[in-house]
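# Remarks on the overall topology
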Amino acid sequence: MSALFLVPIGSVPDKVWEWIENAAAEWFPLPVRRMPALSIPDSAYDGKRNQYQSVEIMKLLAQTAPQDASRVLGVTSVDLSIPMLSFLFGQAQLDGTVAIVSLCRLQQEFYGLPARDDLLRERLTKEVLHEMGHTFGLIHCSEQKCAMSLSTHIGMVDTKSEQYCSRCGVQIAERFASLDGGV
Amino acid sequence: MKKSWPILVVDDEDVMCESMAAWLREDGYRVDTASNGQQAVELAKGADYAICFVDLKMPGGMDGIETMMEIHRVRPDASVIIITAYATVDTAIQAMKEGAQEYIVKPCNPQEISMLVSRILKLKKLQSENAILRKKLTRQYRHHDIITKNPRMEEILALTQEIASLRSTVLIRGESGTGKELVARAVHYSGSRADKPFIVVSCAALTETLLESELFGYEKGAFTGANGQSKGKFELANGGTLFLDEIGDISPKLQADLLRVLQERRFYRVGGTEEVQVDVRIIAATNKNLAQEVQHGRFREDLFYRLNVIEIRLPALRERREDVPLLAEHFVNRISSELGRDVHGISPAALKVLMAHDWPGNVRELENVIERAIVTCRNGMLDEQDFSWLQSAGSQQAWEIPEVPLGELERRAIVAALERKHGNVKEASAALGIDRSTLYDKLKRYEIVH
């Protein structure tokens, strides 16, 4: 059976994997496999912005994905961006295979505040559900509490819940229920 | 809804195009990308993009501003957002002058871009709703909404079509309730002024002073209570049509003022010293015989000829009885749906009652009568008894004599008979039961011009 592969990009704290596996187990009936870490490609680094271009990292994830991968979720501690936007919490191929989430701006330390694991776990769960949702073809949801609602700053991430709304949840379930759902 | 607003991203850097497109697609938009100006214009020819993000600097070929101008040539309604780096902000401001809706400096905050897109699309949605409403409004006043199979009315409708796009003044004559305003709207909404204002002024409803400030506006301090400048109906109707209802009731001073505006197309606000120039088509209406008012010296002859460039005389409903069933059916359908009542027709016996009535209040009276009948109707069909009050009211009305001298009563009877017989003295005298020479004597005595 195809699986969801979790890939550390660069150095990532161990604690996050259990959080991600728990979230995935609740929503996606897929076996989860942890993969060895990948080094961040040099081409991804943008020296002017001191950030990493997510598109380059996603290319690497796609190239190195195992053949039986249903989905590949990269997790990184570095700050991500695309040329047009100043930062990203994460990015995904819409209705595709690859997604990436950055821990950088989910951590309280980024905002000059003391670290809080409980908050980091919540935020990471929300962003994992969000980016994974995109890989299952979901677009941003107008329901503010839904994990699929758009977050353009950390406050909006905190407003969301660690769940899909009923409409988005049904869509995910339907994808798994259909025999040829691309899962 | 988002899918109906396609977006185009134009940038020579693939990674820029694709990452931006991917981000917008996550938001549910249909996004196309182009790597140069030519390709963007080709794509724009085939798709009605709501927003085009165009990079200002694209080496070789068309730059961002040229691309924007070409896109606007093929898609004038597309909103172009110029993407620029800090170094080229001045050029981006130049692009705004050339027609760009906004510019963004990359990299920009995700919130900024998200709000920008949603603001532009909200505006587009409003614009498109506005266009739909305008179309609906236009359709509402098109000729096919004036219900008739009367040959004279059909001629009038053909005439309104012919004169719709002219600027000539129109004078609509007809009894109260014959649909003078509806015809005026049909003229306005069928012509080139349809998307401009149609402003109605009821001249009989206001005193001379009020009507003057209502028509021409006023300056601050022009009179007690004039706390600021106010535009009059002439200014509000600029580019469109001003409908002056009950024009026969305006004072001699206002007649003179109106004549001057009609001649010069300019006027002063009350208390003002600055001339205001307007492009307004005048449609006037009256239930009086203005020619007769001129004869009696109550209406300026020169103004009458200015207004009477195209004259439309609307027949009374009793002169187009064949329209009563059509109109009644139309009102039943419309009013029952507006009131949420399940009334779907009129019985033949009820129609007979409606056909026999003289309708002194014309179509408006018919509309009111149908509404009252629908409100009290106990089953799904309007029957004779739903109009029983009309028959008794009608008979009372026939015997109701106004408190005027006998001579005045006779004068009114003669005028009415002449109106009904279209000025034919032989027929009018027969209808009045007197011989022709007697009628001529009376016409002379009462100074009735026919």
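Above this note sits the structure.
Residues numbered from 1 in each chain as written. Chains lettered and ligands numbered in written order. Predicted model: local features only at pLDDT ≥ 70, side-chain atom pairs only at ≥ 80, totals over all residues.

## Details of the packing of helix α13 (residues 323-339) of chain B against helix α14 (residues 348-356) of chain B
All names here are of chain B. Close contact between α13 and α14 brings their axes to 9 Å; oriented N to C, the two are set at 120 degrees. As summarised for this structure, α13 and α14 are arranged oblique, according to the angle between their axes. With respect to the hand of their crossing, α13 and α14 are arranged in right-handed fashion. Contacts between α13 and α14 involve Val324, Pro325 and Ala328 from the former and Leu351, Leu354 and Met355 from the latter. (Axes fitted to C-alpha atoms, helices over the stretch in contact; angles between N-to-C directions. Helix = DSSP H or I, 4+ residues; strand = E, 2+ residues; numbered from the N terminus. Parallel < 35°, antiparallel > 145°, perpendicular 65-115°, else oblique. Left-handed = near helix turned anticlockwise from the far one by under 90°. Contact = placed C-beta atoms within 7 Å.)

## So, the nonpolar core
Soluble globular proteins: nonpolar side chains tend toward being buried together. With 87 residues, the main nonpolar core has Leu73 of chain A together with Met20, Cys52 and Ile82 of chain B as its most contacted residues. Per element, the largest residue contribution to this core is seven residues, and it comes from helix α1 (residues 14-26) of chain B. For leucine 73 of chain A, the residues in contact, after removing those within four places along its chain, are Leu4, Leu6, Val7, Ala99, Val101, Val128 and Met132 of chain A. One finds Val187, Ala194, Ala237 and Val280 of chain B within the second-largest nonpolar core, a separate group that totals 40 residues. (Core = buried A, V, L, I, M, F, W, Y, C linked by C-beta atoms within 7 Å. Buried ≥ 20, exposed ≤ 12 C-beta atoms within 10 Å, placed from the backbone.)

## Description of the packing of helix α1 (residues 15-27) of chain A against helix α3 (residues 117-135) of chain A
Each packed pair of helices is defined by two parameters, the angle between the axes and the distance between the axes. Residue and element names in this part refer to chain A. Closest axis-to-axis distance for the α1/α3 pair is 10 Å, and the angle between their directions is 45 degrees. Judged by the inter-axis angle, α1 sits oblique to α3. As for how α1 packs across α3, the hand of that crossing is right-handed. Touching Val16, Trp19, Ile20, Ala23 and Trp27 of α1 are Arg121, Leu124, Thr125, Val128 and Leu129, all from α3. Grouping the constituent residues of the contact of α1 with α3 by class yields eight nonpolar, one polar and one charged. (Nonpolar A, V, L, I, M, F, W, Y, C, P; charged D, E, K, R; others polar.)

## Regarding the environment of phenylalanine 243 of chain B
Residues and elements named next belong to chain B. Mapped onto the elements, phenylalanine 243 comes out in strand β8 (residues 241-245). Residues phenylalanine 243 and arginine 281, spaced 38 residues apart in sequence, show a C-alpha to C-alpha distance of 8.4 Å. Residues within four places of phenylalanine 243 in sequence aside, it is in contact with Glu181, Ala184, Phe198, Ile199, Val200 and Ile283.

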